[in-house]
Amino acid sequence: MSFACAKRMDVLGTETAFEVLAKAKALERQGKEIVHLEIGEPDFDTPKNIKDAAVKAMHSGYTHYTPAAGIPELREAIADYVSKTRKIDVVPDEVVVTPGAKPIIFFSILAYVNPGEEVMYVNPGFPIYESVINFIGAKAIPIPLLEERDFRLDPNFVRDHLARKTKMIILNSPENPTGGVLTKDDLKAIADSIANRSDVLVLADEIYSRIIYEGKHESIASLSGMKEKTIILDGYSKTYAMTGWRLGYGVMRKDFAPKITQLMINCNSCTSAFTQVAGIEALKGPQDAAEKMVAEFKKRREVIVSGLNSIKGLSCKKPHGAFYVFPNINRTGMKGRELQELLLNKAGVATLSGTSFGKLGEGYLRLSFANSVENIKKALSRISEMLENQ
Ligand SMILES: Cc1ncc(COP(=O)(O)O)c(C=O)c1O
């Protein structure tokens, strides 16, 4: 008897953050104390007003199926929010609510790209982009993010690699894992390069749009002529510390939204009802908890960047958004995976090799600063001690 999986599973990738977390937990069960800097989620609790709204919704009957694209009041609240923040006119029919923002990546590629067509995506980047592109049999074209440009891409690369078969360009700003933030000029140059293409969609992953430390978030959808060519991905996981709630959304062309909704019907039926009601409160209620969280991240950013820069063999750019640092480790003489393992097993610090985010991440580590200053300082002194003694 053989239960060999379908061939397509051979090319599906994963997120190694979950594997490192499992290894770290196993070490903890053996009595080792680990500082967790591998995880991509805020360490704060979901604000109370949002939790209260969910509990109230549960008691008032929001415990059944909802329309597949989301309850109308939430789609309206999201349309208002995106209209205001991106300075474009969004209507509820252009919004599809999903369990977390991740399905928007899967559904958009699945619905729009044929096998053999090309998708450009940022690298190092969120590993799910490359995974899904490969899974559907498309060709993955990595766009390098450059340390010398503060981990922004070079728009000329996009222009020069556009092909007849290019169907989609995946951008992520602020970026995971580098903290890079695209400027309006970068976005304009990308938009210009596809000005004559009516078949290329941009998937703009803006999940970290509210976690930004300098300047303001710019969306490619705000540029003239780009709203119709852009799928905005955004959600609640990072902004409101709601990773476990699973609530996100995509904003897209009115003729594309029913396709994504059809995929929702096939996969999930709908997003959890009371979670959706909480999502209205999150957008319309007080924003001070979300803002406080960003202020706290900003303080931690100073501690971790200056700490890493004082450690032998490491150099670290200051990220402009998200809550990750991406130090260059070349001077340690080690590969990312080797240093990741050593730090976990010898120093008790869980980090991720840059290669967890694609092959262009070699030579870097990703550390999350969604942890207390005390724990960050502890991790820094352990890393320093280990590298000094190498
Ligand atoms: C760049 C990026 N996009 C999308 C997601 C998915 O977010 P969610 O938890 O809402 O599915 C993440 C989560 O880590 C992310 O880092």
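Placed above this text is the structure.
Only a predicted model underlies this, so the values are computations on that prediction, with no experimental measurement involved.

**Some remarks on the pairing of strand 4 (residues 139-146)**
Sheet topology note: the strand 3 (residues 118-123)/strand 4 ladder contains six bridges and is parallel. Paired with asparagine 123 across the two strands is proline 144, which belongs to strand 4. Relative to strand 5 (residues 152-153), strand 4 runs antiparallel, the two sharing two bridges. Bridge pairing in strand 5 places leucine 146 opposite arginine 152. The hairpin formed by strand 4 and strand 5 contains five residues between the paired strands, and aspartate 150 there has a positive phi angle of roughly 55°.

**Digging into the site of the ligand**
Near the ligand lie 13 residues; those nearest to it are Asp205, Tyr208, Ser237, Lys238 and Arg246. Separating an oxygen atom of the ligand from a side-chain N or O atom of serine 237 is a distance of 2.7 Å. Lysine 238 places a side-chain nitrogen or oxygen 2.6 Å from an oxygen atom of the ligand. A total of 400 Å² of accessible area belongs to the ligand in isolation, and the protein chains cover 93% of it. The residue makeup of the shell around the ligand, split by class, is five nonpolar, four polar and four charged.

**Remarks on the nonpolar core**
In terms of nonpolar packing, the biggest core is built from 87 residues, with Ile169 and Ile220 touching the most fellow members. Here isoleucine 220 is in contact with Leu171, Leu187, Ile190, Ala191, Val202, Ala204, Glu206, Met226 and Thr230, once residues within four sequence places are set aside. In terms of nonpolar packing, the next biggest core, distinct from the first, is built from 29 residues, Ile78, Val90, Met242 and Ala278 among them.

**Some remarks on the packing of helix 1 (residues 16-29) against helix 11 (residues 336-347)**
Where helix 1 meets helix 11, the closest approach of the two axes is 11 Å, and the angle between their N-to-C directions is 25°. Judged on the interaxial angle alone, helix 11 and helix 1 are roughly parallel. In this structure, helix 1 crosses over helix 11, and the sense of that crossing is right-handed. Note on element contacts: helix 11 touches helix 1 through Arg337, Gln340, Glu341, Leu344 and Asn345, opposite Thr16, Val20, Lys23, Ala24 and Leu27. Residues that form the contact of helix 1 with helix 11 fall into these classes: four nonpolar, three polar and three charged.

**What to know about unusual backbone geometry**
Following asparagine 123, the chain continues to proline 124 via a peptide bond in cis, the omega torsion being 5°. Here the residue pair serine 173 and proline 174 is connected by a cis peptide bond, since its omega of -10° sits within 30 degrees of zero. Inspection of the secondary structure assignment puts proline 174 in the loop between strand 6 (166-172) and helix 7 (184-193). Of note in the backbone geometry, serine 269 takes a positive phi value of approximately 70° without being a glycine. By the secondary structure assignment, serine 269 is in the loop between helix 8 (257-267) and helix 9 (273-284).

**Focus: the environment of leucine 171**
Looking at the element boundaries, leucine 171 is found in strand 6. For the pair leucine 171 and lysine 284, spaced 113 residues apart in sequence, the C-alpha separation works out to 27 Å. Discounting residues that sit within four places of it in the chain, leucine 171 has contacts with Leu153, Leu182, Leu187, Ile190, Val202, Leu203, Ala204, Asp205 and Ile220.

**Quick notes on the side chain of threonine 351**
On the secondary structure map, threonine 351 appears in the loop between strand 11 (349-350) and strand 12 (352-353). Relative accessible area serves as the criterion here: at 1%, threonine 351 is assigned to the buried category. Dropping the residues within four chain positions of it, threonine 351 is found in contact with Val20, Leu37, Glu38, Gln340, Leu343, Leu365, Arg366 and Leu367.

**Points about the packing of helix 2 (residues 48-59) against helix 9**
As a packed pair, helix 2 and helix 9 sit with axes 8 Å apart at the nearest point and diverge in direction by 140°. As summarised for this structure, helix 2 and helix 9 are arranged oblique, according to the angle between their axes. Of the two possible hands of crossing, helix 2 and helix 9 adopt the one that is right-handed. The segment helix 2 lies against helix 9, with Asn49, Ile50, Ala53, Ala54, Ala57 and Met58 engaging Phe274, Val277, Ala278, Glu281 and Ala282.

**What about the packing of aromatic side chains?**
Overall, the coordinates contain 15 aromatic pairs when judged by the stated rule. Considering the side-chain rings of tyrosine 208 and phenylalanine 323, the 5.6 Å spacing of their centres and the 85° angle between planes classify their relative orientation as edge-to-face. Pair noted here: tyrosine 208 is in the loop between strand 7 (201-205) and strand 8 (230-235) and phenylalanine 323 is in the loop between helix 10 (288-309) and strand 10 (324-325), with a separation of 115 residues, a long-range link. Each member of the pair, tyrosine 208 as well as phenylalanine 323, is classed as buried. For the pair phenylalanine 323 and tyrosine 324, a centre-to-centre distance of 4.9 Å together with 55° between the ring planes defines the contact as tilted. Tyrosine 324 matches phenylalanine 323 in its accessibility class, with the two residues each being buried. Aromatic ring contacts, followed pair by pair, group Phe44, Tyr208, Tyr213, Phe297, Phe323, Tyr324 and Phe369 into a single cluster.

How each quantity is defined
- Residues numbered from 1 in each chain as written.
- Predicted model: local features only at pLDDT ≥ 70, side-chain atom pairs only at ≥ 80, totals over all residues.
- Heavy atoms only, no water.
- Pairing = 2+ DSSP bridges.
- Helix = DSSP H or I, 4+ residues; strand = E, 2+ residues; numbered from the N terminus.
- Near = heavy atom within 4 Å.
- Polar contact = N/O pair within 3.5 Å; in protein donor to acceptor, adjacent residues only side chain to side chain.
- Areas by Shrake-Rupley, 256 points an atom, 1.4 Å probe, with all protein chains shown as cover.
- Nonpolar A, V, L, I, M, F, W, Y, C, P; charged D, E, K, R; others polar.
- Core = buried A, V, L, I, M, F, W, Y, C linked by side-chain atoms within 4.5 Å.
- Buried < 20%, exposed > 50% of the residue type's maximum accessible area, 1.4 Å probe, protein only.
- Contact = heavy atoms within 4.5 Å.
- Axes fitted to C-alpha atoms, helices over the stretch in contact; angles between N-to-C directions.
- Parallel < 35°, antiparallel > 145°, perpendicular 65-115°, else oblique.
- Left-handed = near helix turned anticlockwise from the far one by under 90°.
- Phe/Tyr/Trp six-rings, centres within 6.5 Å; stacked < 30°, edge-to-face > 60°.

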